[in-house]
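Read off the chains here:
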Amino acid sequence: AQSVTQLDSQVPVFEEAPVELRCNYSSSVSVYLFWYVQYPNQGLQLLLKYLSGSTLVKGINGFEAEFNKSQTSFHLRKPSVHISDTAEYFCAVSPGSNYKLTFGKGTLLTVNP
Amino acid sequence: DTAVSQTPKYLVTQMGNDKSIKCEQNLGHDTMYWYKQDSKKFLKIMFSYNNKELIINETVPNRFSPKSPDKAHLNLHINSLELGDSAVYFCASSHKPPGLAGGPETQYFGPGTRLLVL
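Everything in this summary refers to the structure shown in the same document. (Residues numbered from 1 in each chain as written. Chains lettered and ligands numbered in written order. Predicted model: local features only at pLDDT ≥ 70, side-chain atom pairs only at ≥ 80, totals over all residues. Heavy atoms only, no water.)

Approximately 270 Å³ is the volume found for the largest pocket. As for the largest pocket, its lining consists of 17 residues, and the residues nearest its centre are Gly43(A), Leu44(A), Gln45(A), Phe109(B) and Gly110(B). Breaking the lining of the largest pocket down by element, the ones donating at least two residues are strand S6 (44–50) of chain A together with strand S10 (108–109) of chain B. (1 Å grid on protein atoms, 1.4 Å probe; cavity = no way out; pocket = protein on both sides within 12 Å on 5 of 7 lines; lining within 4 Å. Points joined across faces, edges and corners; volume = space filled by probe spheres on them. Helix = DSSP H or I, 4+ residues; strand = E, 2+ residues; numbered from the N terminus.)

Encoded structure:
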């Protein structure tokens, strides 16, 4: 079975600062990786995904993530955050065995002025 | 245009009641899903339908019964509601079932239905 660990439940940062949201996974088979964002009182929106190829994946809103197979990580980064980036961020893994999505418990990013 | 829509947005009801949540997608997708997000924001899949047929059925009490009248709609009926059913229920859809094209499918989520059982 696969699992996803988001190491930080909350990350407060100041506007225009860089941010990294950490995600580690465990799986006995190959995986596909996703980051979703949930703005307050809204549904989940796909930020980016890693399926194959380049390990550095660029997504919407200036976010990027790097797949590191040896460290089983898929950390999300943004060089300069805006107040509008305040939201809950979910990392998810889809194993090559059944392709079901398993989500982490989310990281609340709060961007302060 | 809303791609994946859910009704109602909020639902407050008493324990023991029966209620339904509706989901519709206008993306032309074949596959739809129901997820439950608990009070700690943990999101877990409940069911998935592909072209009106059940393809994923996780360990969910049989008080929960999904119904797909056509591939654009997936409804969730809950009998004898319990306090622990309070959560946000998300509907999602994807072009095809996961794995059909040799990989996962991007899922598009609705805005959620916030259910509170008193």
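Our focus in this paragraph is the sheet that holds strand S3 (residues 19–25) of chain B. All names here are of chain B. One open sheet holds the 4 strands; their spatial order is S1-S3-S8-S7, and the pairing between them is antiparallel. Each edge of the sheet is formed by a strand with only one pairing partner; in this case those strands are strand S1 (4–7) and strand S7 (64–70). Within the sheet, the average angular offset between the axes of one strand and its neighbour, ignoring direction, is 20 degrees. Two strands pair when backbone bridges link them, and S1 and S3 are joined in this way by 4 bridges, in the antiparallel orientation. Paired with valine 4 across the bridge in S3 is glutamine 25. (Pairing = 2+ DSSP bridges. Axes fitted to C-alpha atoms, helices over the stretch in contact; angles between N-to-C directions.)

Each side of the interface is counted separately: chain A has 21 residues, and chain B has 20 residues. In this structure, Glu58(B) and Lys100(A) form a salt bridge, with 2.6 Å as the shortest nitrogen-oxygen distance. At the junction of chain A with chain B, the criterion picks out 4 residue pairs in polar contact (both at pLDDT 80 or more). Secondary-structure elements contributing two or more residues to the side of chain A that touches chain B are strand S5 (31–38), S6 and strand S10 (87–95) of chain A. Top element by residues in the side of chain A that touches chain B is S5(A). It accounts for 4 residues. Along the lines of polarity and charge, the residues of the side of chain A that touches chain B split into 10 nonpolar, 7 polar and 4 charged. (Contact = heavy atoms within 4.5 Å. Salt bridge = Lys/Arg side-chain N within 4 Å of Asp/Glu carboxyl O. Polar contact = N/O pair within 3.5 Å; in protein donor to acceptor, adjacent residues only side chain to side chain. Nonpolar A, V, L, I, M, F, W, Y, C, P; charged D, E, K, R; others polar.)

What follows deals with the pattern of salt bridges. All names here are of chain B. Inspection of the entire model under this criterion finds 10 salt bridges over all chains. Lysine 71 is paired through a salt bridge with aspartate 30; the nearest N and O atoms lie 2.8 Å apart. Residue lysine 71 is found in the loop between S7 and strand S8 (73–78), and its partner aspartate 30 is found in the loop between S3 and strand S4 (31–37); the two are separated by 41 residues along the sequence. You can call lysine 71 partly exposed: its relative accessible area is 33%. (Buried < 20%, exposed > 50% of the residue type's maximum accessible area, 1.4 Å probe, protein only.)

The next subject is the packing of aromatic side chains. Throughout the structure, instances matching the rule amount to 12 aromatic pairs over all chains. Both rings, one in Phe34(A) and one in Tyr36(A), keep their centres 6.4 Å apart while their planes meet at 25 degrees; by these two values the pair is stacked. The exposure classification of Phe34(A) matches that of Tyr36(A), with both residues buried. Chaining the aromatic ring pairs together yields one cluster made of Phe34(A), Tyr36(A), Phe90(A), Phe103(A), Tyr33(B), Tyr35(B) and Phe109(B). The cationic tip of Lys105(A) hangs over the ring face of Phe42(B); the distance from NZ or CZ to the ring centre is 5.7 Å. (Phe/Tyr/Trp six-rings, centres within 6.5 Å; stacked < 30°, edge-to-face > 60°. Lys NZ or Arg CZ within 6 Å of the ring centre and 35° of its normal.)

Right, let's talk about the side chain of Gln6(A) for a bit. All names here are of chain A. The residue glutamine 6 is located in the loop between strand S1 (3–5) and strand S2 (10–14) in this model. Its relative accessible area of 10% is what places glutamine 6 among the buried residues. For glutamine 6, the side chain forms a polar contact with the main-chain oxygen of tyrosine 89, separated by 2.9 Å. With residues up to four places along the chain from it excluded, the contact list for glutamine 6 reads Arg22, Trp35, Tyr89, Phe90, Cys91, Gly104, Lys105, Gly106 and Thr107.

All we've got here are geometric facts, nothing functional implied.
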